[in-house]
Amino acid sequence: MSLFQVQGLVKRFGGLLATDHVDLTVAHGEVHALIGPNGAGKTTLVHQISGLLAPDAGRVLLDGDDITALPMHRRVAKGLSRCFQVTRIFPAQTVRDNLLLAVQAHSGSSFRFLQPRSQAHGLYEAADRLAERVGLQGRMDGIAGALPHGAQRTLDVALALACAPKLLLLDEPMAGMGPEESQQMVQLIDSLRRDMAVLLIEHDMEAVFRLADRISVLVYGRVLTAGTPHEIRSNAEVQAVYLGTETLEATP
Ligand SMILES: Nc1ncnc2c1ncn2[C@@H]1O[C@H](COP(=O)(O)OP(=O)(O)O)[C@@H](O)[C@H]1O
Ligand SMILES: [Mg+2]
């Protein structure tokens, strides 16, 4: 059974079918990329998966459980975590405090303030482990909002990892990054598949074709096709959608 399934998902904005009976499956440990031109409905689909938007029809299943009607925090508790197209860190706090707050929230602690290390050693250790996992261990005392863009996006991923997700949703994690930062993000995402599945929305086709086990192509709210990178690259309909762009010529 697939870890994650979207079945017949529909979202209308007035007369516009932003999500038109979308089906999608993600297996355990799979990196599944969702691509498509601007306005295809990628973000609208992610909002329905995360619980920010209610679909008009269809179902979302995680580990066989119907989560379509669950509020966001219940989905997170079930193992669905997301990073945002716009980063949602606390910019005035240090990297360490951002990580501690995320770890503390996931631990179910009733504290509304950060405890000192002497009283919450486990939380500090968990924050340290997260920082090491994503390569931010050298930046723990930096103010989050003053970090370079790539490091802020990386911190956003680390915050999502604090929830120990089964499925991580990444909405354009490489947006606004230079080549070196993108490269680091590709490596980070690649390292995650040992522990979780990833649904990756990304415009950077080089990254998509390097990372994805399977790709779904969304056009005008519909899944045009889904398949392996090789199948997608050689699909004539997909090439027609991207015609005039060099995007599908990037090789892994
Ligand atoms: N809240 C909204 N109200 C009305 N139309 C919307 C709303 N959000 C998105 N849309 C429209 O839905 C379509 C899909 O948008 P979006 O999901 O942002 O696409 P993508 O992320 O693939 O670029 C677009 O035509 C967009 O203008
Ligand atoms: Mg979008």
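In what follows, the structure referred to is the one given above.
This is a predicted model, so every value here is computed, not measured.

**Structural notes on the pairing of strand β3 (residues 31-35)**
A large share of β3 lies buried, amounting to 5 of its 5 residues. The alternating pattern of β3 places Val31, Ala33 and Ile35 and His32 and Leu34 on opposite faces, both of which are buried. Relative to strand β8 (residues 197-201), β3 runs parallel, the two being bridged by 4 bridges. Considered in β8, the bridge of His32 is made with Leu199. Looking at chain direction, β3 and strand β9 (residues 214-219) are connected through 4 bridges and run parallel. Looking at β9, one finds that Ala33 is bridged to Ile215.

**What about the pattern of salt bridges?**
Evaluation of the coordinates by the stated rule reveals 9 salt bridges. Residue Asp20 pairs with Arg222 through a salt bridge whose shortest N-O separation is 3.3 Å. Of this pair, Asp20 sits in strand β2 (residues 16-26) while Arg222 sits in strand β10 (residues 222-227), and the two are 202 residues apart along the sequence. A relative accessible area of 11% places Asp20 in the buried class. For Asp65, the salt bridge goes to Lys78, with nearest N and O atoms at 3.0 Å. Of the two residues, Asp65 sits in strand β5 (residues 65-66) while Lys78 sits in helix α2 (residues 72-78), which places them 13 residues apart along the sequence. Under the relative-accessibility criterion, Lys78 is labelled partly exposed at 30%.

**Description of helix α3 (residues 95-107)**
Given a rise of 1.5 Å per residue, 13 residues ought to cover 18 Å, and the 18 Å separating the end C-alpha atoms of α3 matches this to within 8%. Those residues of α3 that fall on the buried side of the exposure criterion are Val95, Asn98, Leu99, Leu100, Ala102, Val103 and Gln104. Residues of α3 that are buried make contact with α4 (121-134) and α5 (149-161). Of the residues one or two after α3, Gly108 is the one with positive phi, at around 80 degrees.

**Concerning the site of ligand 1**
Every residue lining ligand 1 is accounted for by Phe13, Leu16, Ala18, Pro37, Asn38, Gly39, Ala40, Gly41, Lys42, Thr43 and Thr44. The backbone of Gly39 places a nitrogen or oxygen atom 2.8 Å from an oxygen atom of ligand 1. At a separation of 3.2 Å, an oxygen atom of ligand 1 approaches a polar backbone atom of Ala40. Burial of ligand 1 by the protein chains amounts to 57% of its free accessible area of 560 Å². Here the shell around ligand 1 gets 3 residues from one element, more than from any other, and that element is helix α1 (residues 42-50). Residues that form the shell around ligand 1 fall into these classes: 5 nonpolar, 5 polar and 1 charged.

Rules behind the numbers
Residues numbered from 1 in each chain as written. Chains lettered and ligands numbered in written order. Predicted model: local features only at pLDDT ≥ 70, side-chain atom pairs only at ≥ 80, totals over all residues. Heavy atoms only, no water. Buried < 20%, exposed > 50% of the residue type's maximum accessible area, 1.4 Å probe, protein only. Helix = DSSP H or I, 4+ residues; strand = E, 2+ residues; numbered from the N terminus. Pairing = 2+ DSSP bridges. Salt bridge = Lys/Arg side-chain N within 4 Å of Asp/Glu carboxyl O. Expected span 1.5 Å × (residues − 1). Contact = heavy atoms within 4.5 Å. Near = heavy atom within 4 Å. Polar contact = N/O pair within 3.5 Å; in protein donor to acceptor, adjacent residues only side chain to side chain. Areas by Shrake-Rupley, 256 points an atom, 1.4 Å probe, with all protein chains shown as cover. Nonpolar A, V, L, I, M, F, W, Y, C, P; charged D, E, K, R; others polar.

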